[in-house]
Amino acid sequence: MTIRIRDAAEADVEGIARVHVQGWRETYKDFLSPEALAGLSVEERVQLWQRALAEPEPRAKLLVAEADGGEIVGFIRGGPIRGKGAELLATEAEIFAIYLLDRVKRQGIGRRLMAGVFDHLSAHGLRSVGLWVLRDNLSARRFYETLGGTAGPEQSFDLRGQMVTEVAYRFDLTLQG
Ligand SMILES: CC(C)(COP(=O)(O)OP(=O)(O)OC[C@H]1O[C@@H](n2cnc3c(N)ncnc32)[C@H](O)[C@@H]1OP(=O)(O)O)[C@@H](O)C(=O)NCCC(=O)NCCS
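Visitor: Before we go on, may I ask you to explain the site of the ligand in this structure?
Guide: Taken together, the neighbourhood of the ligand is formed by 21 residues, with Leu100, Arg106, Gly108, Gly110 and Asn137 sitting nearest. For the ligand, a nitrogen atom lies 2.9 Å from a polar atom in the backbone of isoleucine 98. Residue glycine 108 places a main-chain N or O atom 2.8 Å away from an oxygen atom belonging to the ligand. Those elements that provide at least two residues to the shell around the ligand are α1 (13-28), β4 (93-100), α5 (109-123), β5 (128-134) and α6 (138-146).

Given below as structure tokens:
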């Protein structure tokens, strides 16, 4: 199977939303309660990704991983930092989401998606990027560490009725290359 990494387009929104919901279910079934996962809906995520795509921020990037035949099997979104947790993360940019379907993991696609966003952020003069990952999500943490990420502070919050703890990872984009 060949995987192509490319900019997301309007027609990809449904595919991104589907990967987002399936990715949550596959990844978080071991860490989150069934109640916290029950309310996930593709329709709700379609609206979220439509808004993200319409955002006129040139420094933000939404990339998809497309399999032969056009199926979206993964995506990543990054851009200038904003919102909840920004002060604690203390980086210029943030990875807001990265998800792949289970069946395409460990083939280097995550690495290619991260590199695509890192290059874009660097080209726009952003020098550091951070993200939040669930403390228990050890696979993703190993992935970020392999890519040169350094663990930072933790924060806890209520996620759909369940208290969870996330840990920050930071990357120095001036050292990537
Ligand atoms: C985390 C994720 C994006 C990684 O993408 P991926 O395509 O599977 O990872 P890659 O194949 O690019 O891995 C690159 C390197 O990272 C490390 N790595 C990746 N997954 C790992 C794991 N599960 N355990 C240990 N190391 C891992 C390895 O060193 C790997 O290189 P190798 O395969 O040559 O040994 C992907 O697994 C995913 O979508 N997970 C579910 C969603 C998720 O947790 N998202 C993060 C939310 S914050």
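Visitor: Can you walk me through the environment of leucine 89 in this structure?
Guide: Note that leucine 89 resides in helix α4 (residues 86-89). Residues leucine 89 and valine 167, spaced 78 residues apart in sequence, show a C-alpha to C-alpha distance of 9.6 Å. In this view, leucine 89 contacts Ile81, Glu94, Gly130, Leu131, Trp132, Ala168, Tyr169 and Arg170; residues no more than four positions away in its chain are not counted.

Visitor: Quick question: what am I supposed to make of the packing of α5 against α6 here?
Guide: In a pair of packed helices, the angle between the axes and the distance between the axes together describe the arrangement. At a minimum axis separation of 11 Å, α5 and α6 run at an interaxial angle of 55 degrees. Between α5 and α6, the angle is such that the two are oblique. The element α5 and its partner α6 pack so that their crossing is right-handed. Seen from α5, the contacting residues are Gly110, Arg111 and Met114; seen from α6, they are Phe143, Tyr144 and Thr146.

Visitor: Explanation requested: the pairing of β5 in the structure shown.
Guide: Within a regular beta strand, the side chains point alternately toward one face of the sheet and then the other, so they alternate between its two faces. Of all 7 residues making up β5, 7 are buried, and the element is well covered by its neighbours. Of the two faces of β5, the one carrying Ser128, Gly130, Trp132 and Leu134 and the one carrying Val129, Leu131 and Val133 are both buried. Across 2 bridges, the pairing between β4 and β5 is parallel. Paired with alanine 93 across the two strands is valine 129, which belongs to β5. Taken together, β4, α5 and β5 constitute a β-α-β crossover, and its handedness is right-handed. Where β5 meets strand β7 (residues 162-172), 7 bridges bridge the pair, whose relative direction is antiparallel. Residue pairing for β7: glycine 130 is matched across the bridge by arginine 170.

Calculation notes
- Residues numbered from 1 in each chain as written.
- Predicted model: local features only at pLDDT ≥ 70, side-chain atom pairs only at ≥ 80, totals over all residues.
- Heavy atoms only, no water.
- Near = heavy atom within 4 Å.
- Polar contact = N/O pair within 3.5 Å; in protein donor to acceptor, adjacent residues only side chain to side chain.
- Helix = DSSP H or I, 4+ residues; strand = E, 2+ residues; numbered from the N terminus.
- Contact = heavy atoms within 4.5 Å.
- Axes fitted to C-alpha atoms, helices over the stretch in contact; angles between N-to-C directions.
- Parallel < 35°, antiparallel > 145°, perpendicular 65-115°, else oblique.
- Left-handed = near helix turned anticlockwise from the far one by under 90°.
- Buried < 20%, exposed > 50% of the residue type's maximum accessible area, 1.4 Å probe, protein only.
- Pairing = 2+ DSSP bridges.
- Right-handed = clockwise from strand over helix to strand, strands pointing away.

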